[in-house]
Amino acid sequence: MQGTTVRRVGLVLAVATALTGVAACTSRDSSEGPDRDDRAPRGHTLAALRSAERATEHAESARVESTTTMGSLMSMTADGTLGWNDGITGTLTITYTGGTVADTMRRLGTTSMEARYLPEAYYARMGQKFAEQTGGKHWIRYAYDDLQALTGGSGGHLGDQMRSTTPNQSVKLLLSSGDVRKVGEETVRGRSATHWSGTVTAAYITDAGLRKQLTEAGVTTETVDIWVDERNLLVKKIEKARMATGLMTQTAHYADYGAAVRAERPPRADTGDFEDLMRKQSGTP
C-alpha cells in the first residue's frame, strides 16, 4: 500500500514540478552593482517596460536556467530551451535538490526528470525504478485537459497557466505594480542590463488572469526584479512571494533568444497516460 501511495504522489509531483519549472521559466550575481533608488518618471518607466514586454514576446524562444524554492516543500533547478510562438513548446531537465518533493522522488528512484512540452500535453520521463512499477512505461503523458483531475480542479488552472507563461510574464507583473522603479545599470553574466524592481499586490492587479493566478496560489503580495539588456530582452528575473507552503523564490536567466526549439513526442509504446495510471494506482477499473 505504501508503494502505491508513493507512486501516486510521484505522478502528481511530476505535474506540479514540471509546470513550476516553466513558470520559473538562478542567487544574485556577484558582478551586479549596488542597489540605488533611481526612480524614473512614470511615463518613461511604462514605455521601457512595454518595450521589454514586446521584444521578449516577439523573440519566441530562449534558453532558460532557473532555480525555484518553495519553503520546505521543494527546491529544484530547470535547464533547457523553450518556445512560445504557439503555446509553450520545448524541453527542460528538472532536478529536485531538496525538500519533501526530493525525498519522495528519491524513493521512486530518481531526483531528475526530462520534461517535454507540446501544444496539447507535456511528457515527463521518470526513472527506471518508477517504470518498473508502472508497466514498464518510462514516459508519462499529461494532457492539459485532464489536469482538472488534480486537487479539485486546480490542475486545470496549472495547465492554463503553463500554456500562457512566457518570460515576459514578469514584465507584465511589474506593469501592474504601483511602485516600480529603476534600480540602476548592472552587469548580468557579462551583459549590461537595466535593473527594474517593484512590489505587486494581487488585489490591485487589473489583469484578471494575473490576479487569479496569484490569488489561487495564496499570494497577496509579490516582489519582482527584472534585468533587461540593450535589446529590450529580459536576461534575468527574481520573483519572491509568501505562500501557504512558505517563502517562494524563483530566479531565472534567459539567453540565446530565437534559439531552435525541439520537443519530440516520446514513443507511444513507452508512454503511459496520466489519467490511466492514476486510475490504476487507485484501483478504479
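Above this text is the structure in question.
Numbering of residues starts from 1 in every chain and runs along the sequence as written. Local features are withheld for residues below a pLDDT of 70 in this predicted model, meaning they are given only at 70 or higher, and side-chain atom pairs are given and counted only at 80 or more; totals for whole chains, interfaces and linings count all residues. For the side-chain quantities, the full set of heavy atoms in the structure was used; hydrogens and water were omitted.

Chemist: Residues and numbers for the pairing of strand β10 (residues 234–243), please.
Modeler: Relative accessibility under 20% of the residue-type maximum defines a buried residue, over 50% an exposed one, and the middle range a partly exposed one, all with a 1.4 Å probe and only protein chains included. Going along the chain from the N terminus, every DSSP run of H or I of four or more residues is numbered as a helix, and every run of E of two or more is numbered as a strand. Of all ten residues in β10, eight are buried; the element is thus mostly enclosed. Judged from the seven bridges that link them, strand β9 (residues 221–229) and β10 form a sheet pairing that is antiparallel. Counterpart to Glu-222 in the pairing with β10 is Ala-241. Pairing between strands requires that DSSP locate at least two bridges from one strand to the other. Linkage of β9 to β10, two consecutive antiparallel strands, is achieved through a turn of four residues, within which Asn-232 is found at a positive phi near 70°. Note: β10 against strand β11 (residues 246–255), eight bridges, orientation antiparallel. Bridge pairing links Ile-238 to Thr-251 in β11.

Chemist: Can you lay out the pattern of salt bridges for me, pointing to particular residues and giving the numbers?
Modeler: A pair is scored as a salt bridge if a Lys or Arg side-chain nitrogen falls within 4 Å of a carboxyl oxygen belonging to Asp or Glu. This structure, assessed with the given rule, holds twelve salt bridges. The residue Asp-229 makes a salt bridge to Arg-191 at a minimum N-O spacing of 3.6 Å. With Asp-229 in strand β9 and Arg-191 in strand β8 (residues 191–201), the pair connects residues that are 38 residues apart, well separated along the chain. Taken together, the shared-partner salt bridges in this structure form one network comprising Arg-191, Asp-229, Glu-230 and Arg-231.

Chemist: Talk me through the sheet that holds strand β4 (residues 112–117); I want residue IDs and the actual numbers.
Modeler: Reading across the sheet, the twelve strands line up as β7-β8-β9-β10-β11-β1-β2-β3-β4-β5-β6-β12 and stay open at both edges, with mixed pairing between neighbours. This sheet does not close on itself; its edge strands, each paired only once, are β7 (181–188) and β12 (271–273). When strand polarity is set aside, the average angle formed by the axes of neighbouring strands in this sheet is 20°. Where β4 meets strand β5 (residues 121–125), four bridges bridge the pair, whose relative direction is antiparallel. Following the sheet pairing, Tyr-117 is matched in β5 by Tyr-122. Sitting on the sheet, helix α3 (residues 99–107) is in contact with β2 (74–83) and β3 (89–98), with an inclination near 100° to β3. Axis definition: a line fit to C-alpha positions, over the contact stretch in the case of helices; interaxial angles, taken between N-to-C directions, run 0 to 180 degrees. Contacts are assigned to residue pairs that have any heavy atoms within 4.5 Å of one another.

Chemist: Kindly report on the packing of aromatic side chains, identifying the contributing residues and their values.
Modeler: Any two rings among Phe, Tyr and Trp, with Trp reduced to its six-membered ring, count as a pair given centres within 6.5 Å; such a pair is stacked if its planes are under 30 degrees apart, edge-to-face if over 60, and tilted if neither. Counted according to the given criterion, the structure contains four aromatic pairs. Ring plane angle 35° and centroid distance 4.8 Å describe the contact between Tyr-142 and Phe-274, whose orientation is recorded as tilted. One end of the pair, Tyr-142, is in strand β6 (residues 139–143); the other, Phe-274, is in helix α8 (residues 274–282), and 132 residues separate them in sequence. The pair Tyr-142 / Phe-274 is uniform in exposure class, with both members buried. Here the aromatic cluster, defined as three or more aromatic residues joined through ring pairs, consists of Tyr-117, Tyr-122, Tyr-142 and Phe-274. The criterion for a charge sitting over a ring is simple: Lys NZ or Arg CZ within 6 Å of the ring centre, and within 35 degrees of the ring normal. Above the plane of the ring of Trp-227 lies Lys-236, whose end atom (NZ or CZ) is 4.6 Å from the centre.

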